Each structure stands twice: as C-alpha cells, then as structure tokens.
Amino acid sequence: MGRAGARLSIQMKTILALETSCDETAVAILRGGNGHPGSELLASEIASQIAEHEKYGGIVPEIASRNHLVHAPRLLESATRNAKIDMENVDAFAATSGPGLASSLMIGASIAKGLATGFRKPYLAINHLEGHLLSPFFGDGEVNPNISLIVSGGHTMLLRVDGLADYQLIGRTVDDAAGEAFDKVAKMLGFGYPGGPEIEKRAHNGDPTRFNLPRSMLDSESFSFSGLKTAVRYLLPKLKGDYVEDLCASFQQAIVDVLVRKTIAAAQKENVAVVTVSGGVSCNGELRRQLRDACARQGCKFKSAEAWLCTDNAAMIAFAALLRLQAGFESKVTDEIDPNLALA
Ligand code: KG4
Ligand code: ZN
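Our subject in this report is the structure included herewith. (Residues numbered from 1 in each chain as written. Chains lettered and ligands numbered in written order. Predicted model: local features only at pLDDT ≥ 70, side-chain atom pairs only at ≥ 80, totals over all residues. Heavy atoms only, no water.)

## What to know about the pattern of salt bridges
Consideration 1: Within this structure, the stated rule accounts for 17 salt bridges.
Consideration 2: With its nearest N and O atoms 3.6 Å apart, the salt bridge here joins Glu198 to Lys201. Placement of both Glu198 and Lys201 in helix H7 (residues 195-203) is noted, with a separation of three residues, approximately one turn of the helix.
Consideration 3: Lys201 gets classed as exposed once you look at its relative accessible area, which sits at 58%.
Consideration 4: Notably, a salt bridge pairs Arg210 with Asp246, separated by 2.8 Å at the nearest N-O pair. Of the two residues, Arg210 sits in the loop between H7 and helix H8 (226-235) while Asp246 sits in helix H9 (residues 244-270), which places them 36 residues apart along the sequence.
Consideration 5: What emerges from the salt-bridge pattern is a single network uniting Asp176, Glu180, Lys184 and Lys229. (Salt bridge = Lys/Arg side-chain N within 4 Å of Asp/Glu carboxyl O. Helix = DSSP H or I, 4+ residues; strand = E, 2+ residues; numbered from the N terminus. Buried < 20%, exposed > 50% of the residue type's maximum accessible area, 1.4 Å probe, protein only.)

And the structure:
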C-alpha cells in the first residue's frame, strides 16, 4: 500500500447507527475517512411498523417501542452480517437522541450506549433533524454553506448552514408540518398513511390551477399549513364528479409554491449560493423539480438526497455521526434523550 493509502486507512472509521425516533426501526453501518469522499455504506436495514399502527389511525407510542425492541436486535444481526463486520470492529456507536417519541428514542439510544460501553468505543447522540439536514451531502467529505429546507412529517424548517454543527434557524412552521398537511388531506380523501406519495401520484394527471387554495404567510419567514388543510376540508363537501386528481394537484402546488418561494427568498436574503432540501416530503418530484428550476433561475446550486435517504433511515444518522466523530465531537453515555431536542 502506498503512503497516501496508508494515511487514509488510518483515518477510516466504521460507524454503527440506530434510528428509532418514531415508528421506523433502522440500523446502518457506514465506513468513511477524514476528507475522504464517497464513504461506503456497508449496511442499511429498516423495519417499518406502518401496518401495525394503521388500524389505530395513528402512531401508538407503546406499540412503537415494543416493536423497536423486537426489530432492533434482528436488524443489528442482519446489518453486521451484510456488512461482514464484527461488532468489536465498529469504531463508534450512534443513535438518534431526539426529537421524537421518548419511549421510541430510548430504545435506540440505550442499545447504542450499551454497545459503546461494552466495546469501549465512543458514543454519539445525533439530532434526527441534523441527519435529514446533512443527507444531501451523504458521502461527501464536507458540508458546504447552504440554505437548508427540511420538510418531513413532523417538521418544516428553513436554516442557514455554515458548516457542520453551525446552524441558524430562519423559519419554521407555526402549526402543521408540510408532511402532516399531506397526510391529513390524504386522510380526508380516504387514502392510507403516509399520504404524501399517494397525493403525488394522483396529482400527476391533475390540473394544479383548478382550485385556488390559500398560500399562507407568504411574506414571513415562518410557515403555516393548517389554513390550507382547513380550506380543503371546507371545499370537499361541495365537490361533485371527478375532482380528486385536480384537488391533489392544486393542494400539492399550494405547498410547493410556499416552500419554493420562502427558500429562494432566504437564499437571496442570506446571500448563500447553495440550496438543499431534505426530509420525507423532499421525495416529492414536483417540489424537487420546481425548487431546482427556481434555484437555476437564481444562479444557486441545488442539492437533494436520493429518495431512499429522504424518508427516515439510519444511514443519515451514521453519516452525521461520522462527520461529527471526525470533527472531534463525542457524547457521554449519561447524556439523556430529548423528545424536543432543538437543532438551532
Ligand atoms: O422524514 P420522514 O420519513 O419522517 C419524519 O421525520 O417525519 O417524513 C415522512 C413524511 C410523511 O408526512 C409523508 O407523507 C411525507 O414525508 N412524504 C411525502 C412524499 N413521500 C413522503 N410527501 C409528499 N410527497 C411525497 N412523495
Ligand atoms: Zn424524519
């Protein structure tokens, strides 16, 4: 091995991360090195509990944590097997420590802390939202300054990112998150959970201009989506005939308009030339296309994660942990989970 290779191999680290903030149990193993682009994802396992919660019409925390306890050991076993790695060769253990459901967060964090203690390796507590925020840079060696739009089922926020762990909140939703609005409108239309993908599918052949739905707080840095949801609720009983596709397209366009306008306004105001989008709603093709086009018109670079990295997963937690470990961060096993953990 040449000198450069020897130097790189010394710095390579293997991270095992768990994500159990809500109703998805996920384990990932990631290997990467300092300034070494293209970290290698050795395993990424996920067990969804959607079907178990669907019959109750929402997530039942008690059922979620019981399921994490059942799934996590199985996923740890398959992840290490697929990655062809023994636990003792993992360099650090990480877990999501918030925000999320307390009883769910506790399971992943306790497992990671136990492994870190047992194998005498560092433990890293990762903010779920930082996992999303960094996901567009997955595999990159560094995080460029950017305006970050995080749109998920629980959160809608705009941040100014100046580098790893250097985040400033620009605006957040004052009521529903964008994904929550998708899910609630989908429920009104009789679709299953999660509602975003189904609305996107129906919107595909619909007319986004047929229904004039509200775009709230356009001149503010904050977001509000509950008025839009209520407008759909009042409109629905008045509709007859074929309206579902047009309604889905009009609703989706109302959300996309607000997200694109505020993100571009923030990039202009903050004079930042890179825009990123992350979180489950960033799977939405129209949001990506319209944000990419708007960025191109502004001369901004647009970056999003691949679709599989947008919804909840442990690979993004492992990536955040890898960057943090390389930057010298470490958590204490006595650090507690925090269901309301803030990002900035
Ligand atoms: O990031 P995520 O997996 O979980 C949270 O941290 O909340 O996001 C889930 C959210 C759900 O509200 C889901 O409806 C939404 O992302 N979503 C979408 C799409 N795919 C997932 N929303 C709109 N269009 C999609 N294609
Ligand atoms: Zn999430």
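## Quick look at the site of ligand 1
Consideration 1: In the vicinity of ligand 1 there are 21 residues, among which Gly153, Asp183, Glu200, Gly280 and Asp312 approach most closely.
Consideration 2: His128 is positioned with one of its side-chain polar atoms (N or O) 3.3 Å from an oxygen atom of ligand 1.
Consideration 3: A distance of 2.7 Å separates a nitrogen atom of ligand 1 from a polar side-chain atom of Glu200.
Consideration 4: The fraction of the free accessible surface of ligand 1 (550 Å²) that becomes covered by protein chains is 90%.
Consideration 5: Those elements that place two or more of their residues in the shell around ligand 1 are helix H5 (128-134), helix H6 (178-188) and H7.
Consideration 6: Considering every element that reaches the shell around ligand 1, the biggest residue donor is H7, with four residues. (Near = heavy atom within 4 Å. Polar contact = N/O pair within 3.5 Å; in protein donor to acceptor, adjacent residues only side chain to side chain. Areas by Shrake-Rupley, 256 points an atom, 1.4 Å probe, with all protein chains shown as cover.)

## A look at the nonpolar core
Consideration 1: Judged by nonpolar contacts, the single largest core of 46 residues is most densely connected at Phe225, Leu247, Phe251 and Ile255.
Consideration 2: Every element with two or more residues in this core is listed here: strand S6 (146-151), H6, H7, H8, H9, strand S9 (274-278) and helix H10 (285-298).
Consideration 3: Examining the composition of this core, we find that 13 residues originate from one element, H9, more than from any other.
Consideration 4: Excluding anything up to four places from it in sequence, Phe251 contacts Ala181, Phe182, Val185, Ile199, Leu213, Leu228 and Val232. (Core = buried A, V, L, I, M, F, W, Y, C linked by side-chain atoms within 4.5 Å. Contact = heavy atoms within 4.5 Å.)

## Description of the packing of H6 against H7
Consideration 1: Contact geometry for H6 and H7: axes closest at 8 Å, N-to-C directions at 70°. Between H6 and H7, the crossing angle belongs to the class labelled roughly perpendicular. Like other packed secondary-structure pairs, H6 and H7 cross with a definite hand, here left-handed. Counting all contacts with H6, which are made through Phe182, Asp183, Val185 and Ala186, the residues of H7 involved are Gly195, Gly196 and Ile199. (Axes fitted to C-alpha atoms, helices over the stretch in contact; angles between N-to-C directions. Parallel < 35°, antiparallel > 145°, perpendicular 65-115°, else oblique. Left-handed = near helix turned anticlockwise from the far one by under 90°.)

## Structural notes on the coordination of the zinc ion (ligand 2)
Consideration 1: Surrounding the zinc ion (ligand 2) are the protein donor atoms His128 (NE2), His132 (NE2) and Asp312 (OD), at 2.0 to 2.1 Å.
Consideration 2: As a motif over one chain, the donors of the zinc ion (ligand 2) read H-x3-H-x179-D. In this pair, His128 sits in helix H5 while Asp312 sits in the loop between helix H11 (307-310) and helix H12 (315-326), placing the two residues 184 residues apart along the sequence. The pair formed by His128 and Asp312 is uniform in burial state, with each residue classed as buried. (Donors = N, O, S within 2.8 Å, 3.2 Å for Na, K, Ca; no water.)

## As for the pairing of strand S8 (residues 166-172)
Consideration 1: Sheet topology places strand S7 (residues 156-163) next to S8; six bridges connect them, and they run antiparallel. Its bridge partner lying in S8, Leu159 is registered against Leu169.
Consideration 2: Connecting S7 to the next strand, S8, in antiparallel fashion are two residues, including Ala165 with a positive phi near 65°. (Pairing = 2+ DSSP bridges.)

## Focus on the packing of aromatic side chains
Within a pair of aromatic rings, the relevant descriptors are the distance that separates the centres and the angle that separates the planes.
Consideration 1: Here the structure, examined in full by the defined rule, presents five aromatic pairs.
Consideration 2: Taking 5.3 Å as the distance between ring centres and 55° as the angle between the ring planes, the aromatic pair formed by Phe138 and Phe319 counts as tilted. Here Phe138 is found in the loop between H5 and S6, whereas its partner Phe319 is found in helix H12, with 181 residues between them in sequence.
Consideration 3: Classification of Phe319 as buried rests on a relative accessible area of 1%.
Consideration 4: Pairing Phe182 with Phe251 gives two aromatic rings, centres 5.2 Å apart and planes at 80°, and the pair type is edge-to-face. Pair noted here: Phe182 is in helix H6 and Phe251 is in helix H9, with a separation of 69 residues, a long-range link. Of the two residues, Phe182 and Phe251, both sit in the buried class.
Consideration 5: Here Lys262 stacks its cationic end above the ring of Phe223, 5.4 Å away from the centre of that ring.
Consideration 6: One Lys or Arg, Arg324, reaches over the ring of Phe329 and ends 4.4 Å from the middle of that ring. (Phe/Tyr/Trp six-rings, centres within 6.5 Å; stacked < 30°, edge-to-face > 60°. Lys NZ or Arg CZ within 6 Å of the ring centre and 35° of its normal.)

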